[in-house]
Amino acid sequence: MPLQSKSVLITGSSRGLGMYLAIKFDKEGHNVILTGRNEKDLKSVQSQLKNDSVIVVGDLRDYGDLLNINYESRVNNVSVLINNAGVVCPGLSLELLKVETITEMIDVNLLSPIVLTKLLYDKVDDIININSMVGLEPKKHRTIYGSTKFGLKGFSDSLRLESDKNIVDVYPTRIQTYPERKNCMDIKFVCDKIYESYSKKLNKDLILDGRLK
């Protein structure tokens, strides 16, 4: 049965920030559309949710899978799109990066959020793009990762000028997405801030700088 009320699509919601955002939005009464490549992990997240939810297994590098995510989101009444999935920065100089790694980062971090936004633009009222502090500050050994994040910023900034939707770009530093991770922001704090930006329709950047001053 399709989800009967408006729902939130969260890419990369099988673990990390995407998982915690799914739990947060579920707690606030939303139905959730979970997406990722690992069905077992998605089912584990789904088991923690109280409201109705659906799972869409797919690879964001595959246009056919993006079309399927679009279809399933539409039939399940999506109203919020959270572009969360991302390939983490390998921390290597450009000369050491493999072409396959470059392509994967561009496809997942930049191309898929743009394409999903395009596909679902007429359905969603809110678009939340999980960027990175690297999308604001150039860093050594972040050439391609930084390019994708600066590109995502440019996309959001420009789209906001032509759109009446609530568009929020989130720029966090390190987040405690697993217990043993040190020197990073509390995951509950991050999720609460993101949800606040969504619910208050702030329609602007959310900068979460947890570095020591």
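Residues numbered from 1 in each chain as written. Predicted model: local features only at pLDDT ≥ 70, side-chain atom pairs only at ≥ 80, totals over all residues. Heavy atoms only, no water.

1. Section: the sheet that holds strand β5 (residues 126-130)
The seven strands are arranged β3-β2-β1-β4-β5-β6-β7 in an open sheet whose pairing can be described as parallel. Strand pairing shows two members of the sheet lacking a second neighbour, β3 (53-57) and β7 (206-208), which therefore form its edges. Adjacent strand axes in the sheet meet at a mean angle of 15° when their direction is disregarded. Contacts from helix α5 (residues 143-162) reach β5 and β6 (166-172) within the one sheet, and its direction differs from that of β6 by about 155°. Together, β4 (78-83), β5, β6 and β7 form the strand contacts of helix α6 (residues 187-199), whose direction differs from that of β7 by roughly 170°. (Pairing = 2+ DSSP bridges. Helix = DSSP H or I, 4+ residues; strand = E, 2+ residues; numbered from the N terminus. Axes fitted to C-alpha atoms, helices over the stretch in contact; angles between N-to-C directions. Contact = heavy atoms within 4.5 Å.)

2. Structural notes on unusual backbone geometry
Residues other than glycine seldom take positive phi values, yet N77 does so here, at roughly 60°. As for its placement among the helices and strands, N77 is situated in the loop between α3 (63-75) and β4.

3. Points about the pattern of salt bridges
Within this structure, the stated rule accounts for 19 salt bridges. Its salt-bridge partner being E28, residue K24 comes within 2.9 Å of it at the nearest N-O pair. A relative accessible area of 36% means that E28 is categorised as partly exposed. Measuring nitrogen to oxygen at the nearest pair gives 2.8 Å for the salt bridge that ties D192 to K188. Here D192 and its partner K188 are both found in helix α6, four residues apart, which amounts to about one turn of the helix. Of the residues examined, D192 reaches a relative accessible area of 26% and is grouped as partly exposed. (Salt bridge = Lys/Arg side-chain N within 4 Å of Asp/Glu carboxyl O. Buried < 20%, exposed > 50% of the residue type's maximum accessible area, 1.4 Å probe, protein only.)

4. Regarding the packing of helix α1 (residues 16-27) against α6
Contact geometry of α1 with α6 gives a least axis separation of 10 Å together with a crossing angle of 60°. The angle between α1 and α6 places the two elements in the oblique class. Between α1 and α6 lies a crossing whose hand is right-handed. Facing L17, Y20, L21, K24 and F25 of α1, the residues of α6 in contact are I187, V190, C191, D192, I194, Y195 and Y198. Classifying every residue of the contact of α1 with α6 gives 10 nonpolar, no polar and two charged. (Parallel < 35°, antiparallel > 145°, perpendicular 65-115°, else oblique. Left-handed = near helix turned anticlockwise from the far one by under 90°. Nonpolar A, V, L, I, M, F, W, Y, C, P; charged D, E, K, R; others polar.)

5. Comments concerning the pairing of β3
As paired elements, strand β2 (residues 31-36) and β3 share five bridges and run parallel to each other. Bridge pairing links I33 to V54 in β3. Note on the crossover from β2 through helix α2 (residues 39-46) to β3: the handedness is right-handed. (Right-handed = clockwise from strand over helix to strand, strands pointing away.)

6. A word on α1
Along its 12 residues, α1 runs 17 Å from first to last C-alpha, staying within 8% of the 16 Å computed at 1.5 Å per residue. Where α1 is buried, its residues meet β1 (7-10), β2, α2, β4, β5 and α6. At the C-terminal side of α1, G29 shows a positive phi close to 100°. (Expected span 1.5 Å × (residues − 1).)

7. Some points on the packing of aromatic side chains
In this structure the tally under the stated criterion is three aromatic pairs. Relative to Y195, the ring of F25 has its centre 4.9 Å away and its plane inclined at 70°; by these criteria the two rings are edge-to-face. A residue pair is termed long-range when its members are at least 10 positions apart, and F25 in helix α1 and Y195 in helix α6 qualify at 170 residues. Look at F25 and Y198: their rings are 5.5 Å apart centre to centre, the planes differ by 50°, and that puts the pair in the tilted class. With F25 in helix α1 and Y198 in helix α6, this pair connects stretches of sequence that are 173 residues apart. Overall, F25 belongs to the buried group, its relative accessible area being 0%. With relative accessibility at 11%, the residue Y198 sits in the buried group. The residue whose ring lies beneath K165 is Y121, and the NZ or CZ to ring-centre distance is 4.6 Å. (Phe/Tyr/Trp six-rings, centres within 6.5 Å; stacked < 30°, edge-to-face > 60°. Lys NZ or Arg CZ within 6 Å of the ring centre and 35° of its normal.)

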